[in-house]
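Structural features, examined
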Amino acid sequence: MSVMDSLLAFTFAATLLTLTPGLDTALILRTATVEGRKEAFKAQMGINTGCLIWGAMVAFGLGALIAVSELAYSILKYCGAAYLCWLGLNMLLRPRKSFSAVGASETKSQNWFLKGMFGNVLNPKVGIFYVSFLPQFIPQGQPLIVWTFGLVFIHLLLGTCWSTLLISATRPLSSFLRKEKVICWMDRCTGMVFLLFATRLALSKR
């Protein structure tokens, strides 16, 4: 896969994943609706920071792992493929009919930057997702750390654009994203993508 093909493929996949309603979307919608635009942007910056922290851990940890052990790399690859397959099958066969926003009883005195950051840092699925997802889009022979951070920044840019759109048009988008058919459709599409990437990861060579 060429450099341009990798970037285009990752941007497409990351866009689809970014648009799928999840915890980050719920947090942004809830914060924008209840706390206001300023606090919602703080939450988004926290989410970005959490992704950067995971990106750093994945970039340096994965690089050391690949350099040290072929067996460890293979174990990681198959574990990542199994995780993506499990996640994809669940989303495809059992799509959600709704997603839960953050409880409305929380007070306005909270630090939404920290809430967004720790929401990602304390979620191991983000790290597992990065480990299993990002390496598939790094062209052979390219520097692992540079490309990992580059892909993370693309993901952050897409997430920031999506969050800005959500914050700017909270009410109509919130109603649309909460529709059962929309959530089911997005989950099933993302599930199919996960299954394709799981197959690709399992069959890929170092």
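Note that the coordinates shown come from a computational prediction; the quantities given were computed from them, not determined experimentally.

Points about the overall build of the protein
- Of regular secondary structure, the protein possesses nine helices and zero strands.
- Going from the N terminus to the C terminus, the protein shows its helices and strands as α-α-α-α-α-α-α-α-α.
- Split into buried and exposed, the 206 residues of the protein put 42% on the buried side.
- Considering only intrachain contacts with a sequence separation of at least 6, the fraction spanning at least 24 residues in the protein is 85%.

Some thoughts on the environment of P95
- Position of P95 relative to the elements: it lies in the loop between α4 (70–93) and α5 (112–121).
- Of the residues examined, P95 reaches a relative accessible area of 16% and is grouped as buried.
- Along the backbone, P95 and K181 are 86 residues apart, and their C-alpha atoms lie at a distance of 9.8 Å.
- Once residues within four sequence positions are removed from consideration, P95 is found in contact with N90, C184, D187 and R188.

Brief notes about the packing of helix α1 (residues 3–19) against helix α7 (residues 144–168)
- Between α1 and α7, the shortest axis-to-axis distance is 10 Å and the interhelical angle comes to 40°. Here α7 runs oblique to α1, going by the angle between their axes. When the axes of α1 and α7 are compared, the crossing they make is right-handed. Facing α1, whose interface residues are V3, S6, L7, F10, T11, A14, T15, T18 and L19, α7 presents W147, L151, I154, H155, L158, G159 and W162.

Details of the nonpolar core
- With 29 residues, the main nonpolar core has F10, Y130, F133, F137, L151, F194 and F197 as its most contacted residues.
- Elements with a contribution of two residues or more to this core: α1, α3 (37–68), α4, α6 (124–133), α7 and α9 (180–203).
- Not counting residues within four places of it along the chain, the set of residues in contact with F194 comprises L17, L84, L87, G88, M91 and F129.
- Counting residues in hydrophobic clusters, the runner-up holds 11 residues, among them L29, W112, W162 and I167.

Quick word on the UniProt feature "transmembrane region" (unreviewed entry) in the protein
- Under the present numbering, the feature "transmembrane region" (unreviewed entry) in UniProt falls on residues 46–68, 75–93, 113–132 and 144–165.
- Between the end C-alpha atoms of residues 144–165 the distance is 32 Å, and the span holds 100% helix and 0% strand.

Overview of a nonpolar patch on the surface
- A surface patch of nonpolar side chains, about 300 Å² in accessible area, is lined by L114, F118 and L122.
- You can call L122 exposed: its relative accessible area is 66%.

Digging into the side chain of N90
- In this fold, N90 is placed in helix α4.
- Looking at N90, its side chain comes within polar contact range of the main-chain oxygen of W86, at 2.8 Å.
- For N90, the side chain forms a polar contact with the side chain of R94, separated by 2.2 Å.

Overview of the packing of α1 against α9
- Interhelical geometry of α1 versus α9 gives an angle of 145° and a closest axis separation of 10 Å. Once α1 is placed against α9, the crossing between them reads as left-handed. Counted together, A13, L16, L17 and L19 of α1 and M186, C189, T190, V193, F194 and F197 of α9 form the full contact between these two elements.
- When the residues that make up the contact of α1 with α9 are grouped by side-chain class, the tally is nine nonpolar, one polar and no charged.

Definitions and cut-offs
- Residues numbered from 1 in each chain as written.
- Predicted model: local features only at pLDDT ≥ 70, side-chain atom pairs only at ≥ 80, totals over all residues.
- Heavy atoms only, no water.
- Helix = DSSP H or I, 4+ residues; strand = E, 2+ residues; numbered from the N terminus.
- Buried < 20%, exposed > 50% of the residue type's maximum accessible area, 1.4 Å probe, protein only.
- Contact = heavy atoms within 4.5 Å.
- Axes fitted to C-alpha atoms, helices over the stretch in contact; angles between N-to-C directions.
- Parallel < 35°, antiparallel > 145°, perpendicular 65-115°, else oblique.
- Left-handed = near helix turned anticlockwise from the far one by under 90°.
- Core = buried A, V, L, I, M, F, W, Y, C linked by side-chain atoms within 4.5 Å.
- UniProt positions renumbered as here; feature names shortened; annotations may be inferred.
- Patch = residues over 30% accessible without salt bridge, like charges linked within 9 Å, V, L, I, M, F, W, Y side chains within 5 Å.
- Areas by Shrake-Rupley, 256 points an atom, 1.4 Å probe, with all protein chains shown as cover.
- Salt bridge = Lys/Arg side-chain N within 4 Å of Asp/Glu carboxyl O.
- Polar contact = N/O pair within 3.5 Å; in protein donor to acceptor, adjacent residues only side chain to side chain.
- Nonpolar A, V, L, I, M, F, W, Y, C, P; charged D, E, K, R; others polar.

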